[in-house]
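Here is what each chain is made of, one letter per residue.
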Amino acid sequence: NAGVTQTPKFQVLKTGQSMTLQCAQDMNHNSMYWYRQDPGMGLRLIYYSASEGTTDKGEVPNGYNVSRLNKREFSLRLESAAPSQTSVYFCASRRGTSGSGTYEQYFGPGTRLTVT
Amino acid sequence: AQSVSQHNHHVILSEAASLELGCNYSYGGTVNLFWYVQYPGQHLQLLLKYFSGDPLVKGIKGFEAEFIKSKFSFNLRKPSVQWSDTAEYFCAPKIYNFNKFYFGSGTKLNVKP
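It should be emphasised that the depicted structure is a prediction, and the values quoted were computed from it without experimental measurement.

(A) Layout of the environment of Tyr103 of chain A. Structurally, the position occupied by Tyr103 of chain A is in the loop between β9 (87-94) and β10 (105-107). Considering only alpha carbons, one finds Tyr103 of chain A and Leu21 of chain A, 82 residues apart in sequence, at a separation of 25 Å. Among all residues touching Tyr103 of chain A, those that are not within four sequence positions of it are Arg94, Arg95 and Gly96 of chain A together with Phe34, Phe51 and Phe101 of chain B.

Here it is, written out as structure tokens:
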């Protein structure tokens, strides 16, 4: 099992450019998440999806869109990148669909994005 | 919304020293509690978790954490750290029945050999 995979690993964008970060998991998990990690701020939730076809906003959704393409894949799109979106982006997945259950999150290796 | 406080942002210890990292959360109802670790250049991985029962939980690599409900705390401990414990540690409470995790700002631990 590869677990949670993310592409690309690194990306440099110019202000105003768009791009999509890809995430896939092979653990048959129901829930998937996108976080950004900034120094001194921990991980902040951008969007999450409890199941295929559903998505919900997290703490910092502005400037991002997501697509839960199928059970395996959850992509994050930046329509018009801004320097404030320079960050490390992590995708995670979790077995449960609801908040109950003893299931933890499994994380991908991250995408380091720089917007100039 | 839930807030999470990790009071120690950067901790430096010598090998064999004892470790305690603080974590406090604000939600007054039922919570599930997690500690994650991020080793240099790696992704986050679960260290330990608490759902119910014995408030003292043990995780991987000799780590343990104690849930004190009255203090809204879930502090992480290790009796004797090793150089390989150098990493960033994140506390992550989750409100029961909500599918969102709230991460603290993290504590960077640097263990000197």
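(B) Looking closely at the interface of chain A and chain B. Tallying the contact residues gives 27 residues for chain A and 21 residues for chain B. Roughly 1,800 Å² of surface becomes buried between chain A and chain B when both sides are summed, with 57% attributable to carbon and sulfur atoms. Viewed at the interface, chain B and chain A are joined by 1 salt bridge. With a closest N to O distance of 2.9 Å, Lys49 of chain B and Glu104 of chain A form a salt bridge. The tally of links from chain A across to chain B stands at 6 residue pairs in polar contact (both at pLDDT 80 or more). If you list the elements that add at least two residues to the side of chain A that touches chain B, you get β4 (31-38), β5 (42-49), β9 and β10 of chain A. Class assignment for the residues of the side of chain A that touches chain B results in 11 nonpolar, 13 polar and 3 charged.

(C) Spatial organisation of the state of the cysteines. Using the criterion set out here, one finds 2 disulfides over all chains in the structure. Here Cys23 of chain A is linked by a disulfide to Cys91 of chain A, with a sulfur-sulfur distance of 1.8 Å. Here Cys23 of chain A and Cys91 of chain A share a disulfide; its torsion about the S-S bond, -75 degrees, makes the bridge left-handed. With a gap of 68 residues between them, Cys23 of chain A in strand β3 (residues 19-25) and Cys91 of chain A in strand β9 connect regions that are remote in the sequence. There is no split in this pair, since Cys23 of chain A and Cys91 of chain A are both buried. The disulfide that involves Cys23 of chain B links it to Cys91 of chain B, with 1.9 Å between the sulfurs.

Thresholds, definitions, all that
Residues numbered from 1 in each chain as written. Chains lettered and ligands numbered in written order. Predicted model: local features only at pLDDT ≥ 70, side-chain atom pairs only at ≥ 80, totals over all residues. Heavy atoms only, no water. Helix = DSSP H or I, 4+ residues; strand = E, 2+ residues; numbered from the N terminus. Contact = heavy atoms within 4.5 Å. Buried area = accessible area lost by both parts, 1.4 Å probe. Salt bridge = Lys/Arg side-chain N within 4 Å of Asp/Glu carboxyl O. Polar contact = N/O pair within 3.5 Å; in protein donor to acceptor, adjacent residues only side chain to side chain. Nonpolar A, V, L, I, M, F, W, Y, C, P; charged D, E, K, R; others polar. Disulfide = S-S within 2.5 Å. Buried < 20%, exposed > 50% of the residue type's maximum accessible area, 1.4 Å probe, protein only.

Taken by themselves, the reported measurements are silent on function.
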